[in-house]
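Single-letter residue listing:
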Amino acid sequence: MSAVKTPPSAGRGPAVRGPARPIRFGPDGRGGGPAASGPAASTAVIGVSAALVAVAMLFTAFTIAYVARRQEPGWGTVVMPPVLWLTTTMLLASSGTLEWARRRIAHGDIRGLQRGLAATAWLGVAFLAGQLIAWHQLAAQGAYISANQYSGFFYLLTGAHGAHLLGGLVALGIIVWKAYAERYGVASHAGVGVFALYWHFMDLLWLYLFALLFWA
Amino acid sequence: MDSESFAPRDERPAGRWMGVLILFILAAGVGSFVYAAHYWWLPPLASTLGITDDMFNAILVATGIAFIAVHLFVAIALIRFAAYGRRPAAHWHEHLGAELTWTLVPAAGLVILAILAEIVWARVYSPPPANAQLVEVTGRQFLWYIRYPSPDGRLAATDPKFISAGNPIGLDPSDPDSKTNAVLENDLHVVNNRPVRIAIRSLDVIHSFFLPNFRVKQDAVPGRTIVIWFVPNRPGQYQIACAQLCGVGHYTMRGNITVEPDQAAFDAWLAKQGQH
Amino acid sequence: MGAIAVHEGAAAHEEHAESFVRHYIFSIDHKTIGKQYYLTTLFMAIVGGALAMLMRAHLGWPEGGALDPGQYLAAATMHGTVMIFFFLTSILTGAFGNFLIPLMIGARDMAFPFLNMISYWTLFPGVLVLLASFFVPGGPAGNGWTSYAPLSAVSKFAPGSGTGQTLWAISILFVLFSSLFGSLNFLTTIINMRARGLSMGRLPLTLWGIFITAILALLSFPVLTAAVVMLILDRTAGTSFFVPPNLLVAGQVLANKNGDALLWQHLFWFFGHPEVYILILTPMGIVSDVISTFSRKPIFGYKAMVLSLSAIGFLSFLVWGHHMFVSGMSPLLGAAFIGSTIAIAVPSAIKTFNWCTTLWQGRLLFTTAMLFAIAFVSLFVTGGLSGIFLAAAPVDIYLHDTYFVIAHFHFVMAAAALFSIFAGTYYWFPKMFGRMMDERLGKIHFLFTFLGIYATFFPMHFLGFMGNSRRLYDTSIYPFLSHAGPIDVFISLSAFMLGAAQLIFIYNFFKSLLHGPVAEQNPWHANSLEWAAPSPPPHGNWGAALPVVYRWPYDYSAPGAAQDYSPQWQAQPVAAGGSDG
């Protein structure tokens with residue numbers, strides 16, 4: 001569509017005056033054509049990392065509350081259920097099996113992936129079962145959630161962590177299913193890596209909470 | 001090619017309307033403040049915390065100038081630069097000097113404000129003078145218990161397990177001062193020109209001990225005792241209000257504070273209150 | 001029309017034969033999800049507004065007994081909760097963010113469309129739970145949207161601390177999760193899915209606002225989640241995170257409690273302060289874009305605008321204690337918060353000057369969207385200036401928890417943020433629905449809303465000066481407030497007018513949806529990328545090829561150009577004196 005092109009200097013009305021010496025450092029379309037952009041990192045990795053930031057903030061809030069209350073009288077005491085040593089070991093082992101599985105599929109070993117993921121899943125389930133046993137052991141010594149501040153935080157922290165781990169197990173279930181349906185290969189296993197990010201974080205988070213509950 | 005953007009167009013009537021609207025807001029805003037200064041303003045000051053009133057007035061002047069300046073500028077821009085004919089807009093969009101100026105100038109003003117605020121804050125929360133009269137205020141749904149110390153200046157120990165109908169704040173009967181602490185409901189008396197130190201507590205939820213005329217406010221938090229102090233300097237009767245939602249009776253939680261003209265008047269009044 | 005490969009014919013790029021349910025109910029198309037959010041939040045705004053009208057009906061004529069004290073507090077609590085969580089928080093990112101982000105960056109959809117659908121369907125049960133709380137014994141929560149413990153932690157303290165309070169807490173959890181899922185999506189999409197040529201420095205300020213908002217949400221919402229979970233446990237499991245020892249409840253002393261009432265406030269406000277900046281950052285971005293478009297002039301100081309948005313976002317985490325100056329928090333800590341709170345005024349001032357300067361020597365077009373955007377500047381200035389009184393802590397001692405605070409936050413949230421939502425609606429309606437809204441009705445809506453907002457909230461400053469506390473059912477017991485009556489009547493009448501004016505908007509919205517004139521692709525001659533798509537965009541947004549971006553979105557009235565705008569997607573701006581074939 002053509003149209004009348006009015007030369008810019010004509011019919012402009014009063015002269016437009018800007019500041020005498022404008023300094024341009026804002027981006028304004030000059031200086032280079034389209035940027036060669038590709039994704040900075042995998043979309044899924046960014047998403048999961050952002051989610052982990054949120055989870056970290058949740059536990060930061062719990063931690064701050066924990067530390068603040070601990071200074072005050074009435075904190076109370078609780079005997080740490082010994083099963084927690086076992087569950088901690090199992091969770092660590094599950095990170096190990098997951099890592100092993102991930103490396104196996106990087107070499108194209110689908111069977112290795114399946115076995116490793118299955119082991120991770122079983123260890124994860126065992127971890128949660130062990131946490132429930134720990135709660136049972138606590139209740140047996142009269143340390144219900146309402147017994148004292150410390151017991152309240154104990155159930156809160158282990159419960160919140162367990163809930164996030166359960167969510168992780170649901171995701172793991174889907175990945176295990178896909179592994180057994182042989183949907184992963186040497187060049188297509190990004191989902192496993194993204195999941196591993198989440199699972200290892202849950203593991204580290206548990207180690208941190210364990211230390212907090214045990215020694216602090 | 002699209003010439004519609006440069007097509008002749010006359011937005012000046014709209015610009016004038018909008019400019020006038022902004023000027024109306026400006027006028028109404030300033031005008032209402034002028035009116036309010038006579039009718040709807042802070043209640044008369046009855047303490048030595050006039051410094052906060054001065055601060056308030058200073059901020060009012062500064063923010064008032066900013067309010068007027070921005071609205072004037074915007075109104076003028078709307079009227080002057082409404083689209084008209086083919087007159088194009090300017091294209092400039094950066095000016096480091098301007099940006100720095102309007103960053104640093106307000107920042108400088110705000111730094112001065114911050115320093116003043118810190119100084120006054122430190123004053124408000126400085127330790128109470130030694131000759132301060134001691135009173136304890138305990139908030140409860142929905143009244144204020146005011147407790148006066150015994151002649152020896154002591155407040156008896158309390159424990160919630162002693163709370164009963166006749167002992168509403170739980171004075172410990174084994175403490176001899178419990179017999180000579182006067183506990184009143186909603187009736188606070190202080191002495192003109194004598195500092196008063198108030199220990200603020202709560203039996204149930206968070207209340208807030210608010211003395212509008214004295215520019216005093218402090219939340220009453222269960223589980224804590226918080227001490228504030230001030231110096232009343234205007235005899236008379238004023239009110240205590242609750243300034244933190246504490247349940248359905250929040251709006252009924254009024255108390256009275258009386259500034260006695262001198263210590264003798266206060267002592268006489270207290271003697272008449274009888275004892276716990 | 002430029003070099004973009006909009007294959008108009010190929011936009012019959014198959015319509016999937018989707019069932020009604022997949023297409024409209026559980027859609028994973030960001031545009032549909034955005035509209036779902038819009039309609040849901042519009043409904044909640046009406047609920048929140050109705051509650052406000054009830055409150056004002058009572059406050060103007062308290063002896064009339066429109067509400068009893070428990071009902072009044074319930075109305076006040078639910079009004080705040082609905083407006084903040086279910087209206088403002090959800091509409092800005094859920095509706096505008098979802099609809100606009102992929103279009104403004106040249107993507108086909110969000111990074112995680114399925115999660116996007118989940119995020120809307122997590123909000124929806126939250127709505128249901130909150131509405132259900134109106135019907136439980138004891139009624140809905142009645143302890144303010146801030147829900148301070150221990151009042152909110154122990155059922156017997158108030159009728160509004162019963163089941164309704166627990167349901168309140170549960171519904172908040174739904175909103176928080178919905179928003180967290182959304183924030184993940186917004187962040188990832190903006191980081192990773194921008195079109196070729198769209199660097200971060202070429203993003204429209206609307207997107208910068210949403211981007212920083214998403215970061216703030218990710219960092220602050222989990223803290224409220226923690227607090228609400230702990231509150232639920234205190235209420236239902238006998239814990240005492242927020243319940244101090246030895247409370248007197250219904251004549252009995254509560255045993256075995258060792259909590260701290262202030263812990264709730266710290267956690268709540270650590271969330272609460274970033275939250276209110278979440279509610280203003282996207283509006284600031286929207287207003288920047290609308291003012292620029294209708295001034296036909298680049299936004300002044302783009303870099304400063306981005307830096308100030310970021311500074312506000314960062315500082316918002318350092319100021320929460322200014323809500324707690326008289327809470328019993330250590331005065332030393334209070335002193336620190338004075339400094340940080342006063343600091344946060346600086347970037348807001350910069351933005352205000354930049355908006356004003358954008359108008360100067362522009363070529364102003366007074367569309368309805370522009371009117372709301374200009375009015376935003378006025379409202380934001382009024383609200384921001386009242387904040388300075390509150391930042392000066394010694395003055396805050398007097399003004400804390402009075403109507404002055406109510407005036408302050410209504411100006412910045414209920415007024416400024418609301419006006420940006422109106423500006424955004426009038427501006428993007430053609431893109432969302434393919435039709436134009438009625439400009440005449442829009443201007444009438446604007447006039448009565450602008451006047452109504454000032455008339456309703458400005459006098460509240462004076463109530464605050466008089467020492468009128470918040471959440472008071474009735475002030476008649478206080479002689480020092482005896483002058484308040486006429487002000488309350490004036491405010492109530494103004495509020496009724498304000499509420500009625502919104503009916504014009506609702507009518508205009510739906511009438512235009514059904515019968516509005518068909519919108520062209522770029523009715524406002526704007527530069528940003530969403531205007532390259534058809535109005536409304538089809539599934540997949542862009543036809544066969546994604547757009548490419550050649551410049552920033554503020555290239556208006558460039559000297560030497562034949563048009564007064566150079567869209568981002570147009571390879572060569574058409575020069576004067578040439579022909580464009």
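Quantities reported herein were computed from a predicted structural model and do not represent experimental measurements.

Considering the overall build of chain A
- Regarding its fold elements, chain A presents five helices and zero strands.
- Listing each helix as α and each strand as β along chain A from the N terminus yields α-α-α-α-α.
- Residues classed as buried in chain A amount to 42% of the 216 residues present.
- Long-range pairs, those at least 24 residues apart, make up 82% of the contacts in chain A with a sequence separation of at least 6.

Focus on the pattern of salt bridges
- Using the criterion set out here, one finds 20 salt bridges over all chains in the structure.
- Between A:Arg111 and A:Glu182 there is a salt bridge, with its nearest N and O atoms 3.2 Å apart. Of the two residues, A:Arg111 is situated in helix 3 (residues 110-140) and A:Glu182 in the loop between helix 4 (149-180) and helix 5 (190-215); the sequence distance between them amounts to 71 residues.
- The partner of B:Glu136 in a salt bridge is B:Arg201, and the shortest N-O contact between them spans 2.7 Å.

Quick notes on the interface of chain B and chain C
- The interface is formed by 104 residues belonging to chain B together with 111 residues belonging to chain C.
- Here chain B meets chain C over a buried area of about 9,500 Å², counting both sides, of which 73% is carbon and sulfur.
- Of the charged contacts, one joins B:Arg224 and C:Asp260 as a salt bridge, the two residues approaching to 3.3 Å between their closest N and O atoms.
- Here chain B and chain C share 29 residue pairs in polar contact (both at pLDDT 80 or more) between them.
- Elements with a minimum of two residues in the side of chain B that touches chain C: helix 1 (12-39), helix 2 (50-80), helix 3 (96-124), strand 7 (216-220) and strand 9 (236-242) of chain B.
- Of the residues contributing to the side of chain B that touches chain C, the split by class is 67 nonpolar, 20 polar and 17 charged.

Re the packing of helix 4 (residues 113-132) of chain C against helix 5 (residues 163-192) of chain C
Residue and element names in this part refer to chain C.
- With their axes 8 Å apart at the nearest point, helix 4 and helix 5 run at an angle of 165 degrees to one another. What the angle tells us is that helix 4 and helix 5 run roughly antiparallel. For the crossing formed where helix 4 meets helix 5, the hand is left-handed. Note on element contacts: helix 5 touches helix 4 through Leu 167, Trp 168, Ile 170, Ser 171, Phe 174, Val 175, Phe 177, Ser 178, Phe 181, Gly 182, Leu 184 and Asn 185, opposite Leu 115, Asn 116, Ile 118, Ser 119, Thr 122, Leu 123, Pro 125, Gly 126, Val 129, Leu 130 and Ala 132.

Digging into the environment of C:Trp355
All names here are of chain C.
- Note that Trp 355 resides in helix 10 (residues 345-359).
- A sequence separation of 199 residues divides Trp 355 from Lys 156, and the C-alpha atoms of the two residues are 51 Å apart.
- Setting aside residues no more than four positions away along its own chain, Trp 355 makes contact with Met 284, Val 287, Ser 288, Ile 291, Ile 299, Met 305, Phe 376, Val 377 and Phe 380.

Looking at the nonpolar core
- With 349 residues, the main nonpolar core has B:Leu188, C:Met230, C:Trp355 and C:Phe450 as its most contacted residues.
- The contacts of C:Phe450, once residues within four sequence positions are left out, are B:Leu21, B:Ile22, B:Ile25, C:Ala375, C:Ser378, C:Leu379 and C:Phe419.
- Core analysis: the second largest hydrophobic core is formed by seven residues, B:Leu143, B:Tyr145, B:Leu171 and B:Leu203 among them.

Quick look at the confidence of the model for chain A
- For chain A, the average pLDDT comes to 84, and 81% of its residues sit at 70 or higher.
- Of the regions scoring below 50 in pLDDT, residues 1-40 of chain A engages in 65 contacts with residues more than four places distant in sequence or in other chains.

Some thoughts on the pairing of strand 6 (residues 207-211) of chain B
Residue and element names in this part refer to chain B.
- Most of strand 6 sits out of view: five of its five residues are buried.
- Alternating residues of strand 6 divide into His 207, Phe 209 and Leu 211 and Ser 208 and Phe 210, and every residue in both groups is buried.
- Bridge count for strand 6 against strand 7 is five bridges, and the pairing is antiparallel. Its bridge partner being in strand 7, Phe 209 is matched across the sheet by Gln 218.

Some points on the sheet that holds strand 1 (residues 133-140) of chain B
Residue and element names in this part refer to chain B.
- Spatial strand order, 3-2-1-5-8: five strands in an open sheet with mixed pairing. Taken across any chain shown, the strands that pair with only one partner, and hence form the sheet edges, are strand 3 (182-185) and strand 8 (226-230). Within this sheet the neighbouring strands show an average axis-to-axis angle of 25 degrees, counted without direction.
- Sheet topology places strand 1 next to strand 5 (residues 196-202); seven bridges connect them, and they run parallel. Within the sheet, the bridge partner assigned to Val 137 lies in strand 5 and is Ile 200.
- Its contacts with the sheet put helix 4 (residues 263-272) on strand 1, strand 2 (143-148) and strand 3, and the angle it makes with strand 2 is roughly 110 degrees.

The rules behind these values
Residues numbered from 1 in each chain as written. Chains lettered and ligands numbered in written order. Predicted model: local features only at pLDDT ≥ 70, side-chain atom pairs only at ≥ 80, totals over all residues. Heavy atoms only, no water. Helix = DSSP H or I, 4+ residues; strand = E, 2+ residues; numbered from the N terminus. Buried < 20%, exposed > 50% of the residue type's maximum accessible area, 1.4 Å probe, protein only. Contact = heavy atoms within 4.5 Å. Salt bridge = Lys/Arg side-chain N within 4 Å of Asp/Glu carboxyl O. Buried area = accessible area lost by both parts, 1.4 Å probe. Polar contact = N/O pair within 3.5 Å; in protein donor to acceptor, adjacent residues only side chain to side chain. Nonpolar A, V, L, I, M, F, W, Y, C, P; charged D, E, K, R; others polar. Axes fitted to C-alpha atoms, helices over the stretch in contact; angles between N-to-C directions. Parallel < 35°, antiparallel > 145°, perpendicular 65-115°, else oblique. Left-handed = near helix turned anticlockwise from the far one by under 90°. Core = buried A, V, L, I, M, F, W, Y, C linked by side-chain atoms within 4.5 Å. pLDDT = per-residue confidence, 0-100. Pairing = 2+ DSSP bridges.

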